[in-house]
Amino acid sequence: GEHERQAQPETGKIYVATVDVGGQDEATTDPIAQLDNPARDYTVCHIFELDRSDYDAPGPTYSAVDVFVDHGSRHFQSTRDKPALVHRLLAYLRSWNVSHIVADATGVGEGLCDWLSSAFGPDRVTQYKFSRLTKAQLGAGFLGVVETGRFQYWAGDEAEPLSDGWWFWQQCSHCHYEIKPGGTWERDLQWEVPTSARVSTPSGAQSVHDDQLISAALVSLYDELVLEGVLRTGQGKAAVIRGRDPLDHLRF
C-alpha cells in the first residue's frame, strides 16, 4: 500500500482485527528473567481498515494500519510491571473500536479466544482452528484477496531492519509453498516459513517466524464471511427526522 501506519482510528471508518495466538513462557512470571524459549511464537494482532468504495471490486479492500506484537507473555497472569496479555490485548482492541475479530483458537489460543468472546460477545469474534486442510484453505483465500488487489500493507518502515513492517515482509519473502502432483489449492496447499529460516540483522542473525504473516492471512476468513453474507460491513447512524407542521401551508 501507499498509506502510513496509524496510531488511532479515524471517525467513520470500519476496523477489524486478526489475531494469531502464540505460546506463553513460564519465565515471564519474573519480569527480569530471560525467556526460557526465545524461539516461542509471538502473539500478533493486526488492525485492518475496510474500504468498500470500489463497487466493481469482488469485495472490500483491507488496509493493514497497525499491529500489536507480544513475545511469550503469560496469557492470564499479570507480573509486577506488566498486565496479563489478555488485558493489554483487550485495551488495544477497544482503542481501535473494532467491529469484528478473527482469532486463532488452536491449542493455547482456545482459552484466549473464549475470553475475547466473553468480552466482546460471540457474534463479534470468529474463532479459527488450524489443521492441514484449514491452513490450505486459508492460504488459498489469502492469495485470492492479494491477487484481486484488495490487500494493502502500510508503507514507510519496510526498509528499517527489526521494524514491524520489515519483519512482515521478511516473513513473506521466506515463506515457501508446495502443492503435490494432482492436488488442489484449496485442499493441498502447504505453506510455511521453514523453522530453519534466519535473517541477518544489526543485532545478529535471528530466526524468521510466520506469526505476522498468519495474522495477516486471517483477514481472508473475514472476507469470506462478508462475501457469504454472514457478516455485514455497513454502519448505522442515528438521525433525527424533523416532523412537518401539517398546518404550515395554511393561511389564517
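See the structure above.
1. A look at the sheet that holds strand β1 (residues 14–20)
Right, on to step 1. Read from one edge of the open sheet, six strands run β5-β4-β1-β2-β3-β6, paired in mixed fashion. Every interior strand has two partners, whereas the edge strands, β5 (125–128) and β6 (151–153), have only one. Here the average twist between neighbouring strands, direction ignored, is 25 degrees.
Right, on to step 2. Where strand β4 (residues 100–104) meets β5, four bridges bridge the pair, whose relative direction is parallel. Directly across from Val102, in β5, lies its bridge partner Thr126.
Right, on to step 3. Here helix α4 (residues 164–174) sits on the sheet and contacts β3 (61–71) and β6; the angle it forms with β6, its principal contact strand, is near 135 degrees.

2. As for the environment of Asp123
Right, on to step 1. Residue placement: Asp123 occurs in the loop between α2 (109–120) and β5.
Right, on to step 2. Asp123 gets classed as exposed once you look at its relative accessible area, which sits at 58%.
Right, on to step 3. On a C-alpha basis, the gap between Asp123 and Ile101 in space is 9.5 Å, while along the polypeptide they are 22 residues apart.

3. As for the state of the cysteines
Right, on to step 1. All chains considered together, the criterion is met by zero disulfides.
Right, on to step 2. Not engaged in a disulfide, the cysteine Cys172 finds its nearest cysteine sulfur in Cys175; these two sulfurs lie 7.6 Å apart.
Right, on to step 3. When its relative accessible area of 25% is taken as the criterion, Cys172 is described as partly exposed.

4. Here we look at the environment of Tyr177
Right, on to step 1. Looking at the element boundaries, Tyr177 is found in strand β7 (residues 176–178).
Right, on to step 2. A relative accessible area of 58% places Tyr177 in the exposed class.
Right, on to step 3. Considered as a pair, Tyr177 and Glu192 are 15 residues apart in the sequence and their alpha carbons are 6.6 Å apart.
Right, on to step 4. Here Tyr177 is in contact with Trp185, Leu189, Gln190 and Trp191, once residues within four sequence places are set aside.

5. Some words on the pairing of β4
Right, on to step 1. Taken across its five residues, β4 has five buried, putting it largely inside the fold.
Right, on to step 2. Here β4 shows no split at all, with His100, Val102 and Asp104 on one side and Ile101 and Ala103 on the other all buried.
Right, on to step 3. Here β1 runs beside β4; their pairing, made up of four bridges, is parallel. When the sheet's bridge partners are listed, Val16 is paired in β4 with His100.
Right, on to step 4. Tracing the backbone out of β4, into α2 and back to the parallel element β5 gives a crossover that is right-handed.

6. Let's talk about the pattern of salt bridges
Proximity of charged atoms lets side chains of opposite charge pair with each other.
Right, on to step 1. As enumerated under the stated definition, the model contains six salt bridges in all.
Right, on to step 2. Shared partners join several salt bridges into a network, and the residues in it are Arg5, Asp66 and Asp164.

7. A look at the nonpolar core
Right, on to step 1. Counting residues in each nonpolar core, the largest one holds 31 residues, and the members touching the most others are Phe48, Tyr62, Phe151, Trp191 and Tyr222.
Right, on to step 2. Contributing elements (two or more residues each) for this core: β1, β2 (42–51), β3, α3 (132–147), β6, α6 (211–217) and α7 (219–227).
Right, on to step 3. At five residues, the largest contribution of residues to this core is made by α7.
Right, on to step 4. Sequence-distant contacts of Phe48, defined by excluding residues within four places in its chain, comprise Ile14, Tyr15, Val16, Thr18, Tyr62, Ser63, Ala64, Phe151, Ala216 and Val219.
Right, on to step 5. Judged by nonpolar contacts, the second largest core, of 25 residues, contains Phe68, Ala84, Val98 and Ile101.

8. Structural notes on the environment of Glu4
Right, on to step 1. Relative to the assigned elements, Glu4 resides in the segment before β1.
Right, on to step 2. C-alpha separation for the pair Glu4 and Asp66, spaced 62 residues apart in sequence, amounts to 9.3 Å.
Right, on to step 3. Excluding residues that lie within four positions of it along the chain, Glu4 makes contacts with Trp154 and Ala155.

The rules behind each value
Residues numbered from 1 in each chain as written. Predicted model: local features only at pLDDT ≥ 70, side-chain atom pairs only at ≥ 80, totals over all residues. Heavy atoms only, no water. Pairing = 2+ DSSP bridges. Helix = DSSP H or I, 4+ residues; strand = E, 2+ residues; numbered from the N terminus. Axes fitted to C-alpha atoms, helices over the stretch in contact; angles between N-to-C directions. Contact = heavy atoms within 4.5 Å. Buried < 20%, exposed > 50% of the residue type's maximum accessible area, 1.4 Å probe, protein only. Disulfide = S-S within 2.5 Å. Right-handed = clockwise from strand over helix to strand, strands pointing away. Salt bridge = Lys/Arg side-chain N within 4 Å of Asp/Glu carboxyl O. Core = buried A, V, L, I, M, F, W, Y, C linked by side-chain atoms within 4.5 Å.

As far as function goes, none of this settles anything; it's purely spatial.
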